[in-house]
Amino acid sequence: MKRFDPYESLGFHCNLTYKAFVSVLKARLKGTGISQVQYRALAHLMALGPLSQSELADRLFITPATAVRLVDRMERDGWVVREKDLEDGRINRVVPTKRAVATWEDVSPGGRGILKKAYRGIKPAEIETAKRVLERVRQNLES
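Before going into details, it helps to say that this report is about the structure given with it.

## A closer look at the overall build of the chain
When helices and strands are tallied, the chain shows six helices and three strands. Counting helices and strands in the order they occur from the N terminus, the chain gives α-α-β-α-α-β-β-α-α. Projected onto the principal axes, the alpha-carbon positions of the chain cover approximately 55 × 35 × 25 Å. Counting only residues that meet the buried cut, the chain has 27% of its 143 residues in that class. Restricting the contact set of the chain to residue pairs at least 6 apart, pairs at least 24 apart contribute 47%.

## Section: unusual backbone geometry
Phi angles above zero are rare outside glycine, and phenylalanine 61 is one such case at about 55°. You can see phenylalanine 61 is positioned in the loop between α3 (53–60) and α4 (64–76).

## Section: the packing of helix α2 (residues 36–48) against α3
Taken N-terminus to C-terminus, the directions of α2 and α3 make an angle of 115°; their axes are 10 Å apart at the nearest point. Note that α2 runs across α3; the crossing there is right-handed. Note on element contacts: α3 touches α2 through Leu56, Arg59 and Leu60, opposite Arg40, Ala41, His44 and Leu48. Looking at the contact of α2 with α3, its residues break down into four nonpolar, one polar and two charged.

## A look at a nonpolar patch on the surface
Judged by side-chain polarity, Leu10, Val133, Val137 and Leu141 come together as a nonpolar surface patch covering roughly 350 Å² of accessible area. Take the nonpolar patch: its biggest share by element is three residues, from helix α6 (residues 124–142). Note that leucine 141 resides in helix α6. Residue classification places leucine 141 among the exposed positions, given a relative accessible area of 71%.

## Quick notes on the layout of surface pockets
Taken as a whole, the largest pocket holds about 2,200 Å³ of empty space. Around the largest pocket sit 42 residues that line it, and Tyr18, Phe21, Tyr119, Leu134 and Arg138 are the ones nearest its centre. Those elements that provide at least two residues to the lining of the largest pocket are α1 (10–29), α2, α3, α5 (98–118) and α6. No other element matches α1, which puts twelve residues into the lining of the largest pocket. Of the residues belonging to the lining of the largest pocket, the class tally is 24 nonpolar, eight polar and ten charged.

Procedures and definitions
- Residues numbered from 1 in each chain as written.
- Predicted model: local features only at pLDDT ≥ 70, side-chain atom pairs only at ≥ 80, totals over all residues.
- Heavy atoms only, no water.
- Helix = DSSP H or I, 4+ residues; strand = E, 2+ residues; numbered from the N terminus.
- Buried < 20%, exposed > 50% of the residue type's maximum accessible area, 1.4 Å probe, protein only.
- Contact = heavy atoms within 4.5 Å.
- Axes fitted to C-alpha atoms, helices over the stretch in contact; angles between N-to-C directions.
- Left-handed = near helix turned anticlockwise from the far one by under 90°.
- Nonpolar A, V, L, I, M, F, W, Y, C, P; charged D, E, K, R; others polar.
- Patch = residues over 30% accessible without salt bridge, like charges linked within 9 Å, V, L, I, M, F, W, Y side chains within 5 Å.
- Areas by Shrake-Rupley, 256 points an atom, 1.4 Å probe, with all protein chains shown as cover.
- Salt bridge = Lys/Arg side-chain N within 4 Å of Asp/Glu carboxyl O.
- 1 Å grid on protein atoms, 1.4 Å probe; cavity = no way out; pocket = protein on both sides within 12 Å on 5 of 7 lines; lining within 4 Å.
- Points joined across faces, edges and corners; volume = space filled by probe spheres on them.

This is the structure in structure tokens:
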């Protein structure tokens, strides 16, 4: 039986690529007061609007308990506030503050710069194909 070679795995290559993105992102965020995890949380909140702590945990692939601690720190640091959901008072929605929105406007171009660097020499159609393939892989794994 042939041994498993991780370099044949799309997941392995995704993990290596993710680590490269995180490394560059950490360097880009230095001095902003935002950690890379907080940046990722804000990215979801900015793109999707307020999320419950549970939804945020799912999007970040962290446990609900870890999400509570993350939101606690972000609330303490003035990045987000918790607001009761209007339809279900048991649910807290995580809402970015004005400070977070303003800071996002400052750091967001850095994220675009990282993508520009990462995508150098790759045609837009290839990027779109890669996104579609990865989406199908995620769907296959989630079903």
